[in-house]
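# Geometric and topological summary
Residue strings, one per chain:
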Amino acid sequence: MPFSPELEQTHHWCEIAAQAAASKKADDIVILDVGEVLVITDTFVITSAPNDRLVRTIAEEVEKQLKEEGRGSPQRVEGVREAEWVLLDYGDFVVHVFLEETRRFYDLERLWADAPRVPWVERMPARVAGE
């Protein structure tokens, strides 16, 4: 897929989602550019957590930070009640927040192994004086 301003904007939103997940201690955050192998969306953000409470917390934080940055609400949200695999569908990108064992079972990174990874760098939170 040729790089476009739209794809650049999508990657920007995905980085915000990744940073939001990281701020809540999400594990192994990956951004995959799936547009050439999957026609329904351009990019996946994939992450996981060791327990269902943290899965919900991460998904809520991703949604909150994307709204605060002007993205708005996802078109569809699935899996919040069970919190084994929460899916936030924004149309041009999808955020997957897994319970660790569910992520290992579905192994989306292996399934979409041909999709290039989008590089991103976790920003460390600013230290508060006195820490």
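Our structure's up above, just so we're on the same page.
Because the structure is a prediction, the values reported are computed rather than measured. (Residues numbered from 1 in each chain as written. Predicted model: local features only at pLDDT ≥ 70, side-chain atom pairs only at ≥ 80, totals over all residues. Heavy atoms only, no water.)

## Thoughts on the nonpolar core
- By size, the foremost hydrophobic cluster in this structure holds 28 residues, and its most contacted members are Ile29, Val62, Leu66 and Val95.
- Listing elements by their share of this core, those giving two or more residues are helix H1 (5-23), strand E1 (27-33), strand E2 (43-49), helix H2 (52-68), strand E4 (85-89) and strand E5 (93-99).
- By residue number, the principal contributor to this core is H1, which donates eight residues.
- Here Ile29 is in contact with Ala18, Ala21, Ala22, Val45, Ile46, Thr47 and Trp120, once residues within four sequence places are set aside.
- With twelve residues, the next largest nonpolar core counts Leu32, Val94, Phe98 and Ala115 among its residues. (Core = buried A, V, L, I, M, F, W, Y, C linked by side-chain atoms within 4.5 Å. Buried < 20%, exposed > 50% of the residue type's maximum accessible area, 1.4 Å probe, protein only. Helix = DSSP H or I, 4+ residues; strand = E, 2+ residues; numbered from the N terminus. Contact = heavy atoms within 4.5 Å.)

## What to know about unusual backbone geometry
- Of note, Lys25 is a non-glycine position whose phi angle comes to about 70°, a positive value.
- Relative to the elements of secondary structure, Lys25 occurs in the loop between H1 and E1.
- Despite not being glycine, Asp28 has its phi angle at roughly 45°, a positive value.
- Inspection of the secondary structure puts Asp28 in strand E1.

## Quick look at the packing of aromatic side chains
- For the structure on display, the rule yields five aromatic pairs.
- Where Phe44 meets Trp112, the ring centres are 6.2 Å apart and the plane angle is 80°; that geometry is what we call edge-to-face. Here Trp112 lies in the segment after helix H4 (108-111) and Phe44 lies in strand E2, a separation of 68 residues in the sequence.
- Judged by relative accessible area, which is 18%, Trp112 ranks as buried.
- Here Trp85 and Phe98 contribute two aromatic rings whose centre-to-centre distance is 4.6 Å and whose plane-to-plane angle is 35°, an arrangement assigned as tilted. (Phe/Tyr/Trp six-rings, centres within 6.5 Å; stacked < 30°, edge-to-face > 60°.)

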